Amino acid sequence: MAISPGKDAAFSSQKSALSESPRTKKFPLTEEEIFYMNCRAAYLTVFKSSLENIISKEQLYLALQHAGRNPSQKTINKYWTPQTAKLNFDDFCIILRKEKPTSKAELLKSFKQLDVNDDGSILHTDLYKLLTKRGEKMTREEVNAVISLADVNADGKFDYIKFCKLYMTTIEQCLKTTVEKLEVDSKLRRQQFGSHTGGSPERDPSPVPKPSPRIIRKTDQETFSNKGDSRSSLLATTRKFKTSVSFTITMGANSNRNSKLTEPNSIKEWQCVQSKGCFFLEEDGEIISHQYRMQIAQRSMVYLTIKPLNLSQVEGKCLGFLFIGKPSPWLSVDTALYILKENENQVNLQLMCFTELRDREVFGWTGELGPGIYWLIPSTTGCRLRKEIKPITEEAQLVYRDETGELFLTKEFRSTLSDIFEVIDLDGNGLLSLEEYNFFELRTSGEKCDEDAWAVCRDNFDTKKNELTRQGFMDLNLMEANDREGDPRDLWVTLHSMGYNKALELTEACPFVIDIYADKCKPRIKAVHMEACSGQLEKAICKYVLNKGDARVMDGYENIIVHTYKRDTWITSVIENKSDNKVIIHINNELSKNCINNRGLNIFAVEVAPKSTMVCQHVMPLNERQEWIYYCVYSLIS
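Residues numbered from 1 in each chain as written. Predicted model: local features only at pLDDT ≥ 70, side-chain atom pairs only at ≥ 80, totals over all residues. Heavy atoms only, no water.

- The chain appears in an unreviewed UniProt entry as EF-hand calcium-binding domain-containing protein 7 from Ailuropoda melanoleuca.
- Taken verbatim from the UniProt record of the chain, the Function (unreviewed entry) comment is "Component of the EvC complex that positively regulates ciliary Hedgehog (Hh) signaling. Required for the localization of the EVC2:EVC subcomplex at the base of primary cilia."
- The record in UniProt for the chain states the following under Subcellular location (unreviewed entry): "Cell projection, Cilium membrane". (UniProt positions renumbered as here; feature names shortened; annotations may be inferred.)

1. Focus on the side chain of T469
Right, on to step 1. For T469, the position within the fold is in the loop between β17 (467-468) and α17 (470-483).
Right, on to step 2. Sequence-distant contacts of T469, that is, excluding residues within four places in its chain, are made with F421, L431, D462, T463 and K464. (Helix = DSSP H or I, 4+ residues; strand = E, 2+ residues; numbered from the N terminus. Contact = heavy atoms within 4.5 Å.)

2. Thoughts on the sheet that holds strand β26 (residues 612-621)
Right, on to step 1. Reading across the sheet, the five strands line up as β20-β21-β22-β26-β24 and stay open at both edges, with antiparallel pairing between neighbours. Each edge of the open sheet is held by one strand with a lone partner, namely β20 (550-554) and β24 (595-597). Ignoring strand direction, the axes of neighbouring strands in this sheet form an average angle of 25°.
Right, on to step 2. Of the strand pairs in this sheet, strand β22 (residues 571-577) and β26 are connected by seven bridges, and their pairing is antiparallel. If you follow S573 over to β26, its bridge partner there is Q617.
Right, on to step 3. Taken strand by strand, helix α19 (residues 536-548) contacts β20, β21 (557-566), β22 and β26, and its axis lies near 80° from that of β26. (Pairing = 2+ DSSP bridges. Axes fitted to C-alpha atoms, helices over the stretch in contact; angles between N-to-C directions.)

3. So, the pattern of salt bridges
Right, on to step 1. Going through the model one piece at a time under the given rule, you end up with 25 salt bridges.
Right, on to step 2. With its nearest N and O atoms 2.9 Å apart, the salt bridge here joins R443 to E282. In this pair, R443 is assigned in helix α15 (residues 434-444) and E282 in the loop between β6 (271-281) and β7 (287-296), connecting sequence segments 161 residues apart.
Right, on to step 3. Overall, R443 belongs to the buried group, its relative accessible area being 14%.
Right, on to step 4. Taking the shortest distance from any N to any O, the salt bridge between K526 and E435 comes out at 3.4 Å. Within this pair, whereas K526 is found in strand β19 (residues 524-532), its partner E435 is found in helix α15, the two being separated by 91 residues in sequence. (Salt bridge = Lys/Arg side-chain N within 4 Å of Asp/Glu carboxyl O. Buried < 20%, exposed > 50% of the residue type's maximum accessible area, 1.4 Å probe, protein only.)

4. Thoughts on the side chain of R358
Right, on to step 1. Structurally, R358 is set in strand β11 (residues 357-359).
Right, on to step 2. A distance of 2.5 Å separates a polar atom in the side chain of R358 from the backbone oxygen of R360.
Right, on to step 3. Within the local environment of R358, its side chain forms a polar contact with the side chain of E624, the two groups lying 3.3 Å apart. (Polar contact = N/O pair within 3.5 Å; in protein donor to acceptor, adjacent residues only side chain to side chain.)

5. Some remarks on the nonpolar core
Right, on to step 1. Counting 90 residues, the largest nonpolar core has Y338, I420 and F473 as its most contacted members.
Right, on to step 2. Broken down by element, this core gets its largest block of residues, seven residues, from strand β18 (residues 509-518).
Right, on to step 3. Filtering out sequence-adjacent residues up to four positions away, I420 remains in contact with F440, F473, L495, M498 and Y500.
Right, on to step 4. Formed by 24 residues, the second largest nonpolar core is a distinct cluster that contains V245, V562, I575 and I585. (Core = buried A, V, L, I, M, F, W, Y, C linked by side-chain atoms within 4.5 Å.)

6. Re the packing of helix α3 (residues 57-66) against helix α5 (residues 89-98)
Right, on to step 1. At a minimum axis separation of 11 Å, α3 and α5 run at an interaxial angle of 55°. One way to sum up the angle between α3 and α5 is to call them oblique. Crossing angle aside, the handedness with which α3 passes α5 is right-handed. Where α3 abuts α5, its residues L60, A63 and L64 lie against F92, I95 and L96.
Right, on to step 2. The residue inventory of the contact of α3 with α5, partitioned by class, reads six nonpolar, no polar and no charged. (Parallel < 35°, antiparallel > 145°, perpendicular 65-115°, else oblique. Left-handed = near helix turned anticlockwise from the far one by under 90°. Nonpolar A, V, L, I, M, F, W, Y, C, P; charged D, E, K, R; others polar.)

7. Digging into the sheet that holds strand β1 (residues 121-123)
Right, on to step 1. Within the open sheet, the three strands sit side by side as β1-β3-β2. Their pairing is antiparallel. Taken across any chain shown, the strands that pair with only one partner, and hence form the sheet edges, are β1 and β2 (153-154).
Right, on to step 2. Relative to strand β3 (residues 157-159), β1 is paired through three bridges, and the arrangement is antiparallel. In the sheet register, L123 faces β3, and the bridge partner there is K157.

8. Comments concerning the pairing of strand β27 (residues 628-637)
Right, on to step 1. Along β27, seven of the ten residues are buried, which leaves the element largely enclosed by surrounding structure.
Right, on to step 2. In this structure, strand β5 (residues 241-251) lies alongside β27, joined through ten bridges in antiparallel fashion. Bridge pairing links V245 to Y634 in β27.
Right, on to step 3. Summarising the sheet, strand β23 (residues 583-588) and β27 pair through four bridges and their orientation is antiparallel. Bridge pairing in β27 places H586 opposite S635.

9. Observations concerning unusual backbone geometry
Right, on to step 1. Backbone geometry at K465 places phi at a positive 50°, although glycine is not the residue there.
Right, on to step 2. Checked against the element boundaries, K465 lands in the loop between β16 (463-464) and β17.
Right, on to step 3. A relative accessible area of 81% means that K465 is categorised as exposed.
Right, on to step 4. The backbone of N466 sits at a positive phi, close to 70°, despite the residue not being glycine.
Right, on to step 5. In this structure, N466 sits in the loop between β16 and β17.

10. A short note on the packing of helix α2 (residues 31-46) against α3
Right, on to step 1. Where α2 contacts α3, the two axes come as close as 8 Å, and the packing angle between them is 135°. By the criterion of interaxial angle, the relationship of α2 to α3 is oblique. The two elements α2 and α3 meet at a crossing, and its hand is right-handed. Where α2 abuts α3, its residues A42, T45 and V46 lie against L62, A63 and H66.
Right, on to step 2. Classifying every residue of the contact of α2 with α3 gives four nonpolar, two polar and no charged.

Given below as structure tokens:
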């Protein structure tokens, strides 16, 4: 039975259990520390070390169960796709942030909808129909196992109130057991708290717990936000560092003039293909996007660009004229493409190039590519595609009824749906193929539309050449509204998934368009995935920065190197750890001027695994028309 995730119902019991440990009697743990204690405890119940990887669906399922989750197969498949080879501890933490435990209230509410007599029970016949016909279907044997539970079944009825109590007790006991195991094992506790010693009753003020993947944010923000005390706080903190290295880079206003992107002279004679896509901002701040495979049939000079998609211009062209509306917020988002060549084994992709040249909002690259298959991985730094913080006072109306009671989509909602159609019409032919529509479905519902369902869609809505028209897409959404008798909640789920707020403004997504020109052959491009901007992308960025950037070795620690790569409109830093031990690096950007970074904090820390590299931060100017100064101090925490 699929039940929507809710708040962490077991949180209060976890917190009380943890606060009673000897280490925390004097200094109670923060909520973030408790979260990561639980993450680590669950992970180390399945693995010997947090540096081990999850290498199967079964291991992921087991680890999630130990963390108090009860994931459905659909949930497992969402995080373990056919392309997934492994997940690390950081990935596990991200999943736990997204998949909250179900609360008792939500569990009761879900069952109560089926309680026709309002007596706290459901007939076995009704329960059987529900569990085998709706949602994630259970087998007859699985349903019989539920019905055979003696404590919650009697007289042909399922006592869901007792079941919910039993379920929550089991979840809480599972969490308590894993945390107690971590507390007892001093070795595992040192893995969690870094420099903390097992018997220390005092709480070290250094930032050791990890409140988000690979980032250690200061839990006591007053240390650095109180201007009157910032100097003494910084001095006190500096004494705990083993060594530091700093970078200072001054960038002029509009400094992209030195490396402007220019089209090849004979570009009009080259063959061209185009594809659209989109960056989507997840609830936890992670960015996902379409990823592509490109085929080049013979060695050619290639001109490749990526830029934000201006929907107001697109819409104007469809109406037969060019209409320039007010600037859209996503047009200032930086976009880039990393081009990697596929080898025979498809495991290790070779980084070929990167769109580092710029002309206003367009980023591009020109060069020669040999025949073969290439991966195009879109990237944005995350400096300007960020979670919206402004409150929306009035919710837009999506549907209305006329005097006869017939339901219609409002003009504003139709306009928004038209923009969504433009974004998901990846090849730009004015129609949606099943493949294009499924990217939309995966994004908004997590499921795919199969051939049979597509045939039903084709029979009931306007299509051309087996592809859905714009009008058909509108009618499909109107049907959904009618199915809910005008209730717009499901429509809002779709809109939020696509990056729209309650005012129908696109604030948490950035649609883009890719253009590829080749002088000897026509390139072919196909969107193949919609995934997080990590993994292969992180490897590509690290490799590029290590090859092109300025390297500084930590004084006295030759195995710890900070690489900084400067372009005209952004700066990227990568930390390389060649040692056999993990390290924690403290980053301080407080003295930077007119800068914004993708972390959203001036002061934070990162944990770098042994023998690895990681992207530390991306920095861009807050205002490109003014000078900006990047001043950053990287310190090794003792």
